[in-house]
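Here is what each chain is made of, one letter per residue.
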Amino acid sequence: MTSADDLLRDPEYVRSVQYATGRNLAARSGLHDVYGTAAEPFRHWEAALVDWPAVETVLDVGCGTARFWDNPTLSRSLRITLADSSAGMVGEALAAVAGHGYAAPSGATCDAQSLPFDDDSFDLVVANHMLYHVPDPAAALREFRRVLRPGGCALVATNSPGHMHQLNAAIAEATGPFEQRLNEVFGIDPAEAMLRGIFGSIVWHTFVNALMVTSVDDLLAYATSFPPGQLADDAQRTHLRAVLDQAVFDGGGRMRIDTRTGAFVVAGAAT
Ligand SMILES: C[S@@+](CC[C@H](N)C(=O)[O-])C[C@H]1O[C@@H](n2cnc3c(N)ncnc32)[C@H](O)[C@@H]1O
């Protein structure tokens, strides 16, 4: 069993290699954008879970390239703070949000486990698909609760085991078996157990979606954007392309990839 997946939980690798820029993330989010079969993209579906009239100040933790804010229905007067452990990501996120016309967004390069904000500072915390990278996700969740004002809520998106299993199986066929701890450490069940000790109200929402991918190049770009595919040698990459080619052929010109993803809406303090 390779330990390549461990890298994705190593803060130094996460900050300065995997997410030094938005490039790897773009290869993955692009696949979802182009080939998702749901009626709307994840970020629009998730934004609809929020009671926006009650929100003025928002903290987006692990903001990446700020894709959540690419949504024409959201008020441009929201006061958005974009936080990420990667300075490169904060820079890209600020540029993206300014480009979307939001007023005066601010940025912070910081660790979710130790946020540089006062207690009760935000109406909403957004933490999308990031807690599985954090060494102590419960510490980060306690920080979210601390910086939320009474009555505020947090959106916490995550994946579960089985997420994109067809693609992971193809990668394993080419590079050898690998553990997929990311989908386990903060999958729905462990995440819910962790949230129960911290927040008073916890509701899980499932995003029903499957990708139907027609381009082997796009599949390969996704598969080689993170370990172990990213660490594959030339022979393994050639093998991976052949496996993906076959999968698309077998699917009549498209490869079906199932997702296991969604978001918790959490609020209040556990008693
Ligand atoms: C999978 S990306 C998700 C980006 C964005 N939330 C989205 O959904 O498109 C994970 C992001 O979390 C950031 N991250 C990872 N560990 C972090 C930590 N301990 N504190 C703050 N940000 C972190 C990464 O730099 C990366 O930008």
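**Details of the packing of helix α7 (residues 165-175) against helix α11 (residues 234-250)**
- Where α7 contacts α11, the two axes come as close as 8 Å, and the packing angle between them is 140°. One way to sum up the angle between α7 and α11 is to call them oblique. Read as a crossing pair, α7 and α11 show a hand that is right-handed. Facing Ala170, Ile171, Glu173, Ala174 and Thr175 of α7, the residues of α11 in contact are Gln236, His239, Leu240, Val243, Leu244 and Ala247.
- Tallied by class, the residues present in the contact of α7 with α11 amount to seven nonpolar, three polar and one charged.

**Section: the site of the ligand**
- Around the ligand, a shell composed of 20 residues is seen, among which Tyr19, Gly62, Gly64, Asn128 and Met130 lie nearest.
- Across the shell around the ligand, the residue classes break down as nine nonpolar, eight polar and three charged.

**With respect to the environment of Asp10**
- Locating Asp10 in the fold gives a position in the loop between α1 (4-7) and α2 (11-18).
- Here the alpha-carbon distance between Asp10 and Ile257, two residues 247 residues apart in the chain, equals 27 Å.

**Looking at the sheet that holds strand β6 (residues 201-207)**
- Judged by pairing direction, the sheet is mixed, and its seven strands sit side by side in the order β3-β2-β1-β4-β5-β9-β6 without closing on themselves. Of all strands in the sheet, those with a lone pairing partner are β3 (106-109) and β6, marking the two edges. Strand-to-strand, the axes of this sheet are offset by a mean angle of 15°, without reference to chain direction.
- Pairing between strand β1 (residues 57-61) and strand β2 (residues 79-84): five bridges, direction parallel. Counted as the bridge partner of Leu59 is Thr81 from β2.
- Against the sheet, helix α5 (residues 87-99) contacts β2 and β3, and its axis sits at roughly 155° relative to β2.

**Focus: the nonpolar core**
- Core analysis: the biggest nonpolar cluster contains 49 residues, and Val125, Ala127, Ala154 and Val156 have the highest contact counts within it.
- In terms of residue count, the dominant contributor to this core is strand β5 (residues 148-159) (six residues).
- Every residue in contact with Ala154, bar those within four places of it in the chain, is listed here: Val125, Ala127, Phe144, Leu148 and Val266.
- One finds Leu167, Ala223, Leu240 and Leu244 within the second-largest nonpolar core, a separate group that totals 18 residues.

**As for the pairing of β5**
- Along β5, nine of the 12 residues are buried, which leaves the element largely enclosed by surrounding structure.
- Note: strand β4 (residues 122-128) against β5, six bridges, orientation parallel. Note on β5: the bridge partner recorded for Val125 is Ala154.
- Judged from the seven bridges that link them, β5 and strand β9 (residues 261-267) form a sheet pairing that is antiparallel. Of the residues in β9, the one forming a bridge with Thr158 is Gly262.

**Considering helix α3 (residues 23-35)**
- With 13 residues, α3 should cover 18 Å at 1.5 Å per step; its first-to-last C-alpha distance of 19 Å lies within 8% of that length.
- Check the buried side of α3 and you find it contacts α4 (42-47), β7 (210-213) and α10 (216-223).

**What about the environment of Thr261?**
- Within the secondary structure, Thr261 sits in strand β9.
- Residues Thr261 and Thr206, 55 residues apart in the sequence, show an inter-C-alpha distance of 6.2 Å.
- If we skip the residues at most four places from it in the chain, Thr261 touches Asn159, His163 and Phe207.

**Observations regarding unusual backbone geometry**
- Pro228 follows Pro227 through a cis peptide bond whose omega is 5°.
- With respect to the helices and strands, Pro228 occurs in the loop between α10 and α11.
- Here Ala66, not a glycine, exhibits a phi torsion of approximately 65°, which is positive.
- Tracing the sequence through the fold places Ala66 in the loop between β1 and β2.
- Assessed through the 27 C-beta atoms surrounding it within 10 Å, Ala66 is described here as buried.

**Some words on α5**
- Along its 13 residues, α5 runs 18 Å from first to last C-alpha, staying within 8% of the 18 Å computed at 1.5 Å per residue.
- Of the positions making up α5, those classed as buried are Met89, Val90, Glu92, Ala93, Ala96 and Val97. For α5, the buried positions fall inside an angular range of 165° around the axis, keeping them on one side.

**Regarding the packing of α3 against α10**
- Closest axis-to-axis distance for the α3/α10 pair is 8 Å, and the angle between their directions is 140°. On the basis of the axis angle, α3 is oblique to α10. By crossing handedness, the relation of α3 to α10 is classed as left-handed. Contacts from Ala27, Arg28, Leu31 and Val34 of α3 reach α10 at Asp218, Ala221 and Tyr222.
- When its residues are assigned to classes, the contact of α3 with α10 shows five nonpolar, no polar and two charged.

The rules behind each value
Residues numbered from 1 in each chain as written. Predicted model: local features only at pLDDT ≥ 70, side-chain atom pairs only at ≥ 80, totals over all residues. Axes fitted to C-alpha atoms, helices over the stretch in contact; angles between N-to-C directions. Helix = DSSP H or I, 4+ residues; strand = E, 2+ residues; numbered from the N terminus. Parallel < 35°, antiparallel > 145°, perpendicular 65-115°, else oblique. Left-handed = near helix turned anticlockwise from the far one by under 90°. Contact = placed C-beta atoms within 7 Å. Nonpolar A, V, L, I, M, F, W, Y, C, P; charged D, E, K, R; others polar. Near = placed C-beta within 6 Å. Pairing = 2+ DSSP bridges. Core = buried A, V, L, I, M, F, W, Y, C linked by C-beta atoms within 7 Å. Buried ≥ 20, exposed ≤ 12 C-beta atoms within 10 Å, placed from the backbone. Expected span 1.5 Å × (residues − 1). Arc of directions from axis to C-beta.

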